[in-house]
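Results of the structural survey
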Amino acid sequence: MKKKIFSGVGCMAMALLLSSCYSSTVSMGNMKPTDPAVHVATAHEPHFISGLVGSTKREAKNYIGDNKDYRIKQYQSFVDGFLGVITAGIYTPTTTKFYLPYGVTAPVVRKKKNLPTKFGVRGGLNITSASLKHGDVLGASSSMGFNAGFILDVPVSESFYVQPGLYYTQKNFEIYETTWRDSYWTCTQGLVELPILASYRLPLTDDIQLQINAGPYASVRLNGNSSDGDSYYVNGSEFDAGLQVGTGILYDKHYYAGIGYEWGFVGQGHPDDCKYKNLFISIGYNF
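Model, not experiment: these values are computed from the prediction.

**As for the sheet that holds strand S5 (residues 70-75)**
The antiparallel open sheet is built from four strands, whose spatial order is S1-S5-S6-S2. The strands lining the two open edges of the sheet, one partner per strand, are strand S1 (23-28) and strand S2 (37-45). Taking the axes of each pair of neighbouring strands and ignoring which way they run, one obtains an average angle of 20 degrees across the sheet.

If you want it as structure tokens, here you go:
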């Protein structure tokens, strides 16, 4: 199972990185492809879901002024490809460069606002269940745990961030026999989890910002036990990976409250009976 997962992740990473070879050059007006040119500006274009959703197109005149003869080169750089890899194709930006004929004066381009990377702490409640392969014999019900950790807010633009995090998270659930529901036992799991999320930011008021987050996560189990003394359901894979989605509100640039959901893709237990389903609520503070 581990080999299949790492192989799949590796293939996806390779495909996205190879996509950084993409390049397209267009000459406008009377400018010919062989005419000497001077690079005058660079813009970064956000795209989402492997390029299926794009941003509003930038006006070329903001970069080349009233010049009618110019050249545009659009491509995906290595950094663009890397961002596509770590967000599992959710965020796939491109880079655009603008050129003017040699000797033409370039307009002054207003510089973007400097957006700092911020550090934040998060903590909250998990409500975890599991999907079981043997659903006709065994069922699973939800149980509570907790999560605690920190995040980094890395700006790509004013409305888009990449948000890696590191958490200790407790995912507990109950297993019961479908015939006799009074026969059940609790499985306790403690994991270190690394989510890497694409985060879209939408200001609602001057003080309130809506955040919409989605991306992959990976985790490693540190400990686990079962209330009946049998470690059957905590002796499977020590590695888990899946998808996390969520939304939250940031108030006054510091105070955060949010809710999200995780789907585990890797079977836990022996051999691969349990896959996590986790609803979580978190509060936090950004420094």
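We are not done yet, so read on.
**Considerations on a nonpolar patch on the surface**
A contiguous nonpolar surface patch, about 790 Å² in accessible area, is contributed by Phe-119, Val-121, Phe-150, Leu-152, Val-154, Leu-166, Val-192, Leu-194, Leu-222 and Phe-287. Every element with two or more residues in the nonpolar patch is listed here: strand S7 (118-132), strand S8 (138-155) and strand S10 (184-203). Of all the elements, S8 adds the most residues to the nonpolar patch, at three residues. Its location among the elements puts Leu-152 in strand S8. For Leu-152, a relative accessible area of 33% puts it in the partly exposed group.

**What about the pairing of strand S13 (residues 255-264)?**
Only one face of S13 is covered, namely the face carrying Tyr-256, Gly-258, Gly-260, Glu-262 and Gly-264; the face carrying Tyr-255, Ala-257, Ile-259, Tyr-261 and Trp-263 is uncovered. Taking the residues between adjacent antiparallel strands as the criterion, strand S12 (residues 239-251) and S13 are bridged by three residues, where Asp-252 takes a positive phi near 55 degrees. Of the strand pairs in this sheet, S13 and strand S14 (residues 274-286) are connected by nine bridges, and their pairing is antiparallel. Its bridge partner lying in S14, Gly-258 is registered against Ser-282.

**Notes on empty space enclosed by the protein**
On inspection of all chains with the given rule, the structure shows one cavity of 30 Å³ or more. In this model, the largest cavity occupies a volume close to 270 Å³. What lines the largest cavity is a set of 25 residues, and nearest its centre among them are Tyr-167, Leu-197, Gln-244, Phe-280 and Ser-282. Those elements that provide at least two residues to the lining of the largest cavity are S7, S8, strand S9 (160-177), S10, S12, S13 and S14. When grouped by side-chain class, the residues that make up the lining of the largest cavity number nine nonpolar, 13 polar and three charged.

**A look at unusual backbone geometry**
Its identity as a non-glycine residue notwithstanding, Asp-252 has a phi of 55 degrees, on the positive side. Considering the arrangement of structural elements, one finds Asp-252 in the loop between S12 and S13. Taking the relative accessible area as the measure of exposure, Asp-252 reaches 36% and is therefore partly exposed. Phi is positive for Lys-253, close to 65 degrees, though the residue is something other than glycine.

**Concerning the pairing of S5**
Along any regular strand, the residues point their side chains to alternate faces of the sheet. The pairing of S1 with S5 spans six bridges and is classified as antiparallel. In the sheet register, Ser-23 faces S5, and the bridge partner there is Tyr-75. Taken together, the five bridges between S5 and strand S6 (residues 94-101) define a ladder with antiparallel strand orientation. Bridge pairing links Ile-72 to Phe-98 in S6.

**Some details on the pattern of salt bridges**
This model, assessed by the stated rule, comprises three salt bridges. Lys-171 is the salt-bridge partner of Glu-262, the closest N and O atoms lying 2.9 Å from each other. One end of the pair, Glu-262, is in strand S13; the other, Lys-171, is in strand S9, and 91 residues separate them in sequence. An identical accessibility class is assigned to Glu-262 and Lys-171; each is buried. Here the salt bridges do not stand alone but share partners, grouping Lys-171, Glu-193 and Glu-262 into one network.

**Looking at the environment of Ala-218**
Note that Ala-218 resides in strand S11 (residues 208-226). Those residues in contact with Ala-218 that sit more than four places away from it in its chain are Val-192, Glu-193, Leu-194, Phe-239, Asp-240 and Ala-241.

**Regarding the packing of aromatic side chains**
Enumeration according to the criterion identifies seven aromatic pairs in this entry. Both rings, one in Phe-119 and one in Phe-287, keep their centres 5.8 Å apart while their planes meet at 25 degrees; by these two values the pair is stacked. Highlighted residues: Phe-119 in strand S7 and Phe-287 in the segment after S14, separated in sequence by 168 residues. Residues Tyr-285 and Phe-287 carry aromatic rings whose centres are separated by 5.1 Å and whose planes lie at 75 degrees to one another, so their mutual orientation is edge-to-face.

Criteria and thresholds
Note on numbering: residues in each chain are counted from 1, in written sequence order. Restriction of local features to residues with pLDDT of at least 70 applies here, the model being predicted, together with a cutoff of 80 or more for giving and counting side-chain atom pairs; totals for whole chains, interfaces and linings are based on all residues. Each side-chain value is derived from all of the structure's non-hydrogen atoms; neither hydrogens nor water enter the calculation. Any two strands with at least two DSSP bridges between them are considered paired. Secondary structure counts use DSSP, requiring at least four H or I residues in a row for a helix and at least two E residues in a row for a strand, with both numbered from the N terminus. Note on method: axes are straight lines fitted to C-alpha atoms, helices fitted across the in-contact stretch only, with angles between N-to-C directions ranging 0 to 180 degrees. Surface patches are defined over residues having more than 30% relative accessible area and no salt bridge, joining like charges when they lie within 9 Å and nonpolar side chains (Val, Leu, Ile, Met, Phe, Trp, Tyr) when within 5 Å. Areas reported here follow the Shrake-Rupley algorithm with a probe of radius 1.4 Å; residue values treat only the protein chains shown as occluding. Put simply, a salt bridge is a Lys or Arg side-chain nitrogen that is within 4 Å of an Asp or Glu carboxyl oxygen. We call a residue buried when its accessible area falls under 20% of the maximum for its residue type, exposed when it is over 50%, and partly exposed in between, using a 1.4 Å probe and counting protein chains only. A cavity, in this analysis, means grid points on a 1 Å lattice covering only the protein atoms where a 1.4 Å probe fits yet has no way out; a pocket is instead an open set bounded by protein on both sides within 12 Å along at least five of seven lines, and a residue lines either one if it has an atom within 4 Å of a point. Grid points are joined across faces, edges and corners, and a volume is the space filled by probe spheres set on the points. Three residue categories are used. Nonpolar comprises Ala, Val, Leu, Ile, Met, Phe, Trp, Tyr, Cys and Pro, charged comprises Asp, Glu, Lys and Arg, and polar comprises the others, including Gly. By definition in these notes, contact holds between two residues if any of their heavy atoms fall within 4.5 Å. For Phe, Tyr and Trp, where Trp contributes only its six-membered ring, two rings pair if their centres lie within 6.5 Å, and the inter-plane angle classes them as stacked under 30 degrees, edge-to-face over 60, or tilted in between.

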